[in-house]
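A closer look at the structure
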Amino acid sequence: MRVFSRINLPGLLSFLALLFLWEISARSSQVIQSYFPPVSEIIRSLLSLIFSREVVAHLLATLGRFLTGYLLSALIAVSLGILLGHFRFAYALFEVLIEFLRPMPSVAMIPVAILLLGIGNAMIVAVTLYACTWPILINTIDGVRNIEPTLIDTGRTFGLGRWKILKEIILPAAMPYIVTGLRISLAIALILVTTSEMVVGGSGLGFFILDEERSLSTTNMYAGIVIVAVLGYGLNRLFLFFEGKAMAWHRGATARGLL
Amino acid sequence: MKWNRESKLNGLVVLMAAAGIWESVSRLGLMNPLFFPPMSKILSMFFYLISSGEILYQVLVSLKRAAAGYFLAALLFIPLGVAMGIFQWLHRSLEIIIETLRPIPPPVVVPVAMLFFGLGDGMKIFVIFISCAWPILLNTFDGVRSIDRVLVYTARTFGLSHGRSIIKVILPAASPQIMTGLRISLGITLILVVISEMVGSSDGIGYFILDSQRRLKVTQMYAGMLTLALLGYALNQIFFLFHSRALAWHEGLMKRNR
């Protein structure tokens, strides 16, 4: 019974109504069909595409670039963020540099990356890494700077070494901020990967979608968009799953009003 | 935010030092000067492009597209978000459609927009419009929905009509969150105008940068990036000014409550 009451009936109905409207208007007019091919056609080509070797290769290329760039940036930005957050002097030195580079839209780095690295995987990964670094870095710095000094002092009083303080106090206390940065960068990574694939071409889902549009296979273009959307959605769910596991202690602590 | 004069000065020194290192590395040929032209050359190219009007032209073209998409999105999605916050049924009906469309990464909209609008301004405006939709819509909706019921009931008790209570109570109470949506969208707008100009355009600052790279006019490319960084910074500052003026009452209230 509870499952039934949780289904959003009006939402589902309007969604299906929209798809239905799309389908009949596409079938009734050639002009509309050239922009919006019938939903049933899109689904059919989606089903044939996801089993085709070509699209699987594009998907894997996109996913590989995404993961490499994202995970590398997480590693670099979190470490750098802890350093800059912890050592005020370092932060004072780099603040202006950060504030100067940050407002520039990271996609502007694509031409530089092409120049330096050519048009291969390395370039796409580098651009993704650059773009993802900012939110994680800024949030990590914020998180470390906002730690109650008492926490660290208490750790020192109990004779914890630098490494222990970092691992047992600083990292957990800054974790909520770090996770926020990681979540923002998740969406950014997919934006940068697909954009670079469109600009340099060759392989990946971004290239596939643009290429299908240029060759006017509109049905395949929409199917490609569905695949990217599902990929984005899936990665987001995966992130929330890990976040839920990693942050369970935090929710428990705040719910009891300890923090 | 704390203002530490000394730290800013340190930062400026670092910025100058970075520029100096760049200059000397390039001049000494430690890194390929073709890829890293000396900073002084980039700066003089930057000023040359400003005085020749080239940069101004490209920036204005981009700004026009950005403004059109951004304001169209605000004009449509703030009212829709307010309506969704007020009417539960509307939110429920649109929820699944929104949640289906939202995970689509914005750059992927570019090919669709090219199909509909070709390579003209309409294409860029549409892409920006769609990409700004979600932050504006969902923040407005959240803001309206989390308004204290008592505020709205009080307005009703004092005999305010529905229309007036929206203007006098709901919009001001939700405005901090509406502003959040608008601020997020501003960053997205700049990114998307550059993306759409790189993928399909013959002018605009995004096109200018990519085109300079393709013609190996590297100094010009860096000058374009410098322009873009300054543009992003300026837009942020303008928004910040507007924000603190529009929400001065809110800041004051928060300070008093603290």
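Residues numbered from 1 in each chain as written. Chains lettered and ligands numbered in written order. Predicted model: local features only at pLDDT ≥ 70, side-chain atom pairs only at ≥ 80, totals over all residues. Heavy atoms only, no water.

To continue, consider the overall build of chain A. What chain A contains, in helices and strands, is 13 helices and zero strands. Ordering the α and β elements of chain A from the N terminus gives α-α-α-α-α-α-α-α-α-α-α-α-α. Here the C-alpha atoms of chain A give a radius of gyration of 23 Å, more than 25% beyond the 18 Å that 2.2 N^0.38 yields for 259 residues. In chain A, which comprises 259 residues, the proportion classed as buried is 45%. (Helix = DSSP H or I, 4+ residues; strand = E, 2+ residues; numbered from the N terminus. Rg over C-alpha atoms; globule rule 2.2 N^0.38 Å. Buried < 20%, exposed > 50% of the residue type's maximum accessible area, 1.4 Å probe, protein only.)

Right, let's talk about the domain arrangement of chain B for a bit. Domain boundaries in chain B define domain 1 (1-36) and domain 2 (41-257). For domain 1 of chain B versus domain 2 of chain B, the separation of C-alpha centres amounts to 32 Å. (Domains from an automatic or database assignment.)

All right, on to unusual backbone geometry then. Phi at Leu216(A) is positive, roughly 60 degrees, even though this residue is not glycine. Look at Leu216(B): it is not a glycine, yet its phi comes out positive at around 60 degrees. Note that Leu216(B) resides in the loop between α9 (205-214) and α10 (218-246).

Let's shift gears to the interface of chain B and chain A. Across the contact, 49 residues belong to chain B and 46 residues belong to chain A. Connecting chain B to chain A are zero salt bridges. Here chain B and chain A share five residue pairs in polar contact (both at pLDDT 80 or more) between them. Secondary structure elements with two or more residues in the side of chain B that touches chain A: α1 (5-27), α4 (88-101), α5 (109-117), α8 (162-199), α9 and α10 of chain B. Of the residues in the side of chain B that touches chain A, the class split is 37 nonpolar, eight polar and four charged. (Contact = heavy atoms within 4.5 Å. Salt bridge = Lys/Arg side-chain N within 4 Å of Asp/Glu carboxyl O. Polar contact = N/O pair within 3.5 Å; in protein donor to acceptor, adjacent residues only side chain to side chain. Nonpolar A, V, L, I, M, F, W, Y, C, P; charged D, E, K, R; others polar.)

All right, on to the side chain of Ser131(B) then. Residue and element names in this part refer to chain B. With respect to the secondary-structure elements, Ser131 resides in helix α6 (residues 121-145). A distance of 2.6 Å separates the side chain of Ser131 from the backbone oxygen of Val127, its partner in a polar contact. Aside from chain neighbours lying at most four places away, what touches Ser131 is Pro106, Ile188 and Leu192.

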